Amino acid sequence: MKKLAILLIACFTFSGCAELQQVAGQLPQGGVLSNADIASGLRAALDKGIDTQVSKLTQTDGFYKNQLVKILLPEELQKVDSGLRAIGLGNLADEGIKMMNRAAEDAVKEATPIFVSAVKQITFTDARNILLGNDQAATSYLERTTSTPLYSKFNPVIKSSFNKVGADKVWNNIITRYNQIPLVKKVNPDLTDYVTDKALEGVYKMIAVEEKNIRDNISARTTPLLQRVFALQDSK
């Protein structure tokens, strides 16, 4: 199958590739694939990942009850959690963690338009690199092209969400109670940036889950175009 990989690279580098079309026509989902078809197939795969996985994160408990992306306290504040639980304030700690995850769920609602814009701008060179890349090549493309604008969108939404649901008061209460524990080192965290980063991390992690599914499982390729394009990947 090395021959197909060489042919793919040659075709993507130079115009016209009768050999690739001939090989592609012999694949299980055969037929002629143009450059535009391949790029469209990769866009469809990204759209599917966004629609299937990112939309789940916007729902109530989309972060909080998803162990892959649930946001916990940063390592340096784990002592706050354990300290509160040690004195019977586990419910207060749980409420603070839930507030962080609720803020992330609110923020991810801002993601889809930015992703849609990035997917529309995918070039054939991008498509080539994704198709011949590793299991997270499409996710890496999105992360590279959307992380900066997403951070700018997520951060103020998370700050607003903290205020809206009273998380600022909850966390003030948590830290105040924690700081009253004898002999502890006093803390005063600002969690907005931390939750923003974790929300971004969760978004890309879930897109990566769907990308791997499409790459590995033929049944996940739910359109003829996805089947034909990823048949090329299967045979590389």
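Residues numbered from 1 in each chain as written. Predicted model: local features only at pLDDT ≥ 70, side-chain atom pairs only at ≥ 80, totals over all residues. Heavy atoms only, no water.

Chemist: Can you lay out the packing of aromatic side chains for me, pointing to particular residues and giving the numbers?
Modeler: This model, assessed by the stated rule, comprises one aromatic pair. For the pair F115 and Y204, a centre-to-centre distance of 6.3 Å together with 80° between the ring planes defines the contact as edge-to-face. Taken together, the residues F115 in helix α6 (residues 111–120) and Y204 in helix α10 (residues 192–216) connect sequence positions 89 residues apart. Summarising the burial analysis for this pair, F115 and Y204 share the class buried. Between K70 and the ring centre of Y64, over which it is positioned, the NZ or CZ distance is 4.6 Å. (Phe/Tyr/Trp six-rings, centres within 6.5 Å; stacked < 30°, edge-to-face > 60°. Helix = DSSP H or I, 4+ residues; strand = E, 2+ residues; numbered from the N terminus. Buried < 20%, exposed > 50% of the residue type's maximum accessible area, 1.4 Å probe, protein only. Lys NZ or Arg CZ within 6 Å of the ring centre and 35° of its normal.)

Chemist: So, the side chain of T139: which residues are in play, and what are the values?
Modeler: Relative to the helices and strands, T139 resides in helix α8 (residues 137–164). For T139, the side chain forms a polar contact with the main-chain nitrogen of A208, separated by 3.4 Å. Filtering out sequence-adjacent residues up to four positions away, T139 remains in contact with Y204, I207, A208 and E211. (Polar contact = N/O pair within 3.5 Å; in protein donor to acceptor, adjacent residues only side chain to side chain. Contact = heavy atoms within 4.5 Å.)

Chemist: An account of unusual backbone geometry is requested, with residue identities and associated values reported.
Modeler: Even without a glycine there, the phi angle at D61 is positive, about 75°. If you trace the backbone, D61 turns up in the loop between α3 (35–57) and α4 (78–86).

Chemist: Mind laying out the environment of Y64, listing which residues take part and the relevant values?
Modeler: For Y64, the location among the structural elements is in the loop between α3 and α4. With 38 residues separating them along the chain, Y64 and R102 place their C-alpha atoms 7.3 Å apart. Among residues more than four places away in sequence, those in contact with Y64 are K70, D94, I97, K98, N101, R102 and E105.

Chemist: For the pattern of salt bridges, give the residues involved together with the corresponding values.
Modeler: Summed over the entire model, instances satisfying the criterion amount to nine salt bridges. A salt bridge links K65 to D61; its shortest N-O distance comes to 3.6 Å. Judged by relative accessible area, K65 falls into the exposed class, the value being 62%. (Salt bridge = Lys/Arg side-chain N within 4 Å of Asp/Glu carboxyl O.)

Chemist: Would you mind going over empty space enclosed by the protein in detail, with residue names and values included?
Modeler: A full pass over the atoms with the stated rule returns two cavities of 30 Å³ or more. Counted as a void, the largest cavity has a volume near 80 Å³. Along its surface, the largest cavity is lined by A45, L46, G49, A138, I207, E210, E211, I214, R215 and F230. Taken together, the elements giving at least two residues each to the lining of the largest cavity come down to α3 and α10. Among the elements that make up the lining of the largest cavity, the one with the highest residue count is α10 (five residues). (1 Å grid on protein atoms, 1.4 Å probe; cavity = no way out; pocket = protein on both sides within 12 Å on 5 of 7 lines; lining within 4 Å. Points joined across faces, edges and corners; volume = space filled by probe spheres on them.)

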